[in-house]
Structures are given as structure tokens and as C-alpha cells.
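Structural characterization, general
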Amino acid sequence: MINKFKYIKQKIKQLPLIYKLNQFPAMPIIWWGLLVALLPFLFSLLSVPIVWRVGLLFFVINSVVSYHVGKLIVTLRVKHYWLLFLPVVFCLVVLIKFANYNLLFSLIYLIFEVFGLMDKHIYN
């Protein structure tokens, strides 16, 4: 089963458009941003209750993703303005579908991304 997923992943990566897009250094950040944009709609399609959606998706999953994106910015050595990509994508998703008070989460994600940037230098 795992080998089948690896095979599918490899085939997707070999598609000409995906292969060409992945040549850009900041593309992993964009893929994570697309995941953050699509997961709320997927949770809605699966009829996940709002409390679970906000708790699990907005608090836990997106916070972990934003921390990871902060670490990716350091690892990939891209410009620091990429910190704004994930919060802006999330704000656009919130404006389309969700209540405006969820816009506050974009600030939380920005803070987690900064923590990801400072990874081992938080206490210095």
C-alpha cells in the first residue's frame, strides 16, 4: 500500500507542469499555502462540525503548517516576505467562506512562522 502511494507521488511529480513548477525555490511554501486554502473546504465537504473545524484545523493543523513554513523559509533561503504568503492565503479563504473573526488566525500564523524562523535562536 505504501509503495503504491510512493508510485503515485512519483508519477505526479513527473507531470510536466508539476515538474516545471517545482523548479522554483519557493514552491514548497506555495504547496503548503494551497493545502491551507483547500483544507477548510474539504472539512466543510466532509461536514465536520464548526467547533472541530476551528479547533483541529485552525488551531492545530494550520499552526503546525505555519511553523513548518517558517523553518522552510530558512532552509530554502528565500526572501522573508514569503512569511506573508500563508496569512494572506488564509485571509482570502476566510473572506470567501468563513466568519470575519477568523481573520485573527492569520496573525497567529504569522507569529508561528516567525517562531519557525527563529527555530533554535528563540532564547538568544
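None of these values were measured; they are calculated from a predicted model.

Considering helix α1 (residues 2–13)
Helix length check: α1, at 12 residues, gives a terminal C-alpha distance of 17 Å against a target of 16 Å (1.5 Å per residue), a fit within 8%. Across the 12 residues that make up α1, only a small minority, 0, are buried.

A short note on the confidence of the model for the protein chain
Counting all residues, the mean pLDDT for the protein chain is 87, and 97% of those residues have values of 70 or more. When the elements of the protein chain are averaged for pLDDT, α1 gives the smallest value, 81, and helix α6 (residues 104–117) the largest, 91.

Structural notes on the packing of aromatic side chains
Following the criterion strictly, the structure yields 11 aromatic pairs and no others. Judged by centre distance (5.2 Å) and plane angle (90°), the rings of Phe58 and Phe90 are edge-to-face. Linking Phe58 in helix α4 (residues 50–76) with Phe90 in helix α5 (residues 85–97), this pair joins segments that are 32 residues apart in sequence. Exposure class is identical for Phe58 and Phe90. Each is buried. Ring geometry for Phe58 versus Phe98: centroids 5.7 Å apart, planes at 90°, classification edge-to-face. Of this pair, Phe58 sits in helix α4 while Phe98 sits in the loop between α5 and α6, and the two are 40 residues apart along the sequence. In this structure, Phe58 and Phe98 share a single accessibility class: buried. Following the ring pairs from residue to residue traces out a cluster consisting of Phe41, Phe58, Phe59, Phe90, Phe98, Phe105 and Tyr109.

Remarks on the side chain of Ser66
Within the secondary structure, Ser66 sits in helix α4. Beyond its immediate chain neighbours, meaning those up to four positions away, Ser66 contacts Leu86, Tyr109, Phe112 and Glu113.

Definitions and limits used
Residues numbered from 1 in each chain as written. Predicted model: local features only at pLDDT ≥ 70, side-chain atom pairs only at ≥ 80, totals over all residues. Heavy atoms only, no water. Helix = DSSP H or I, 4+ residues; strand = E, 2+ residues; numbered from the N terminus. Expected span 1.5 Å × (residues − 1). Buried < 20%, exposed > 50% of the residue type's maximum accessible area, 1.4 Å probe, protein only. pLDDT = per-residue confidence, 0-100. Phe/Tyr/Trp six-rings, centres within 6.5 Å; stacked < 30°, edge-to-face > 60°. Contact = heavy atoms within 4.5 Å.

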